[in-house]
Amino acid sequence: QKGIAKEIEKANEEITFQSEVRKGMAGLLENYTCADETLNSTEAKSTVIWDGRKVGIIVDRPASKIHTIENFLTEAECQAVEERAKPLLHDATVAD
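I will try to describe carefully the structure that is included in this document.

Calculation rules
Residues numbered from 1 in each chain as written. Predicted model: local features only at pLDDT ≥ 70, side-chain atom pairs only at ≥ 80, totals over all residues. Heavy atoms only, no water. Helix = DSSP H or I, 4+ residues; strand = E, 2+ residues; numbered from the N terminus. Contact = heavy atoms within 4.5 Å. Areas by Shrake-Rupley, 256 points an atom, 1.4 Å probe, with all protein chains shown as cover. Buried < 20%, exposed > 50% of the residue type's maximum accessible area, 1.4 Å probe, protein only. Pairing = 2+ DSSP bridges. Salt bridge = Lys/Arg side-chain N within 4 Å of Asp/Glu carboxyl O.

### Description of the overall build of the protein chain
Looking only at helices and strands, the protein chain features two helices and three strands. Secondary structure of the protein chain in N-to-C order comes out as α-β-β-β-α. In the protein chain, 10% of the contacts between residues at least 6 apart in sequence involve partners at least 24 apart. Of the accessible surface of the protein chain, which amounts to about 9000 Å², a share of 56% is contributed by carbon and sulfur atoms.

### Describing the environment of Ile 57
Looking at the secondary structure, you find Ile 57 in strand S2 (residues 53–60). With relative accessibility at 14%, the residue Ile 57 sits in the buried group. Through-space distance from the C-alpha of Ile 57 to that of His 67 is 4.6 Å; in sequence the pair is 10 residues apart. Setting aside chain neighbours within four positions, we find Ile 57 in contact with Ala 44, Lys 45, Ser 46, Val 48, Ile 66 and His 67.

### Description of the pairing of strand S1 (residues 46–50)
As paired strands, S1 and S2 are joined by five bridges and run antiparallel to one another. Bridged to Thr 47 within S2 is Gly 56. Hairpin connection from S1 to S2: two residues lie between these consecutive antiparallel strands, with Asp 51 at a positive phi of about 50 degrees.

### Thoughts on the pattern of salt bridges
In the structure shown here, the tally under the stated rule is four salt bridges. Two residues, Lys 23 and Glu 20, come together in a salt bridge whose shortest N-O distance is 4.0 Å. Here Lys 23 and its partner Glu 20 are both found in helix H1 (residues 2–28), three residues apart, which amounts to about one turn of the helix. In this structure Lys 23 comes out as exposed when scored by relative accessible area, which is 54%. On the accessibility criterion, Glu 20 (48% relative accessible area) is partly exposed. Between Glu 70 and Lys 54 there is a salt bridge; the shortest N-O distance is 3.6 Å. With Glu 70 in the loop between strand S3 (65–69) and helix H2 (75–85) and Lys 54 in strand S2, this pair connects stretches of sequence that are 16 residues apart. In this structure Glu 70 comes out as partly exposed when scored by relative accessible area, which is 41%. Residue Lys 54 is classed as partly exposed on the basis of its relative accessible area of 40%.

Everything listed here is a matter of coordinates, which is why it stays silent on function.
Here it is, written out as structure tokens:
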């Protein structure tokens, strides 16, 4: 039984270690929100004008870019996109 107890203890230590690594990584991630307009979102690091519209550049890395474009769609266009996409959308899977 000592062998099994040692294995369980080792597994629990690994789980704790991985949990701490994930928590540490989560603290380094930047805050981005999309769907809930009432939540605070990350401020743009810079802005540019594109086609007469203000573009907020939040992240501009080689592997990831997040830009916001003011007045990109009208309310009617936005609703049309939402309706068309509704069958394909689902809640995101999140690990905590």
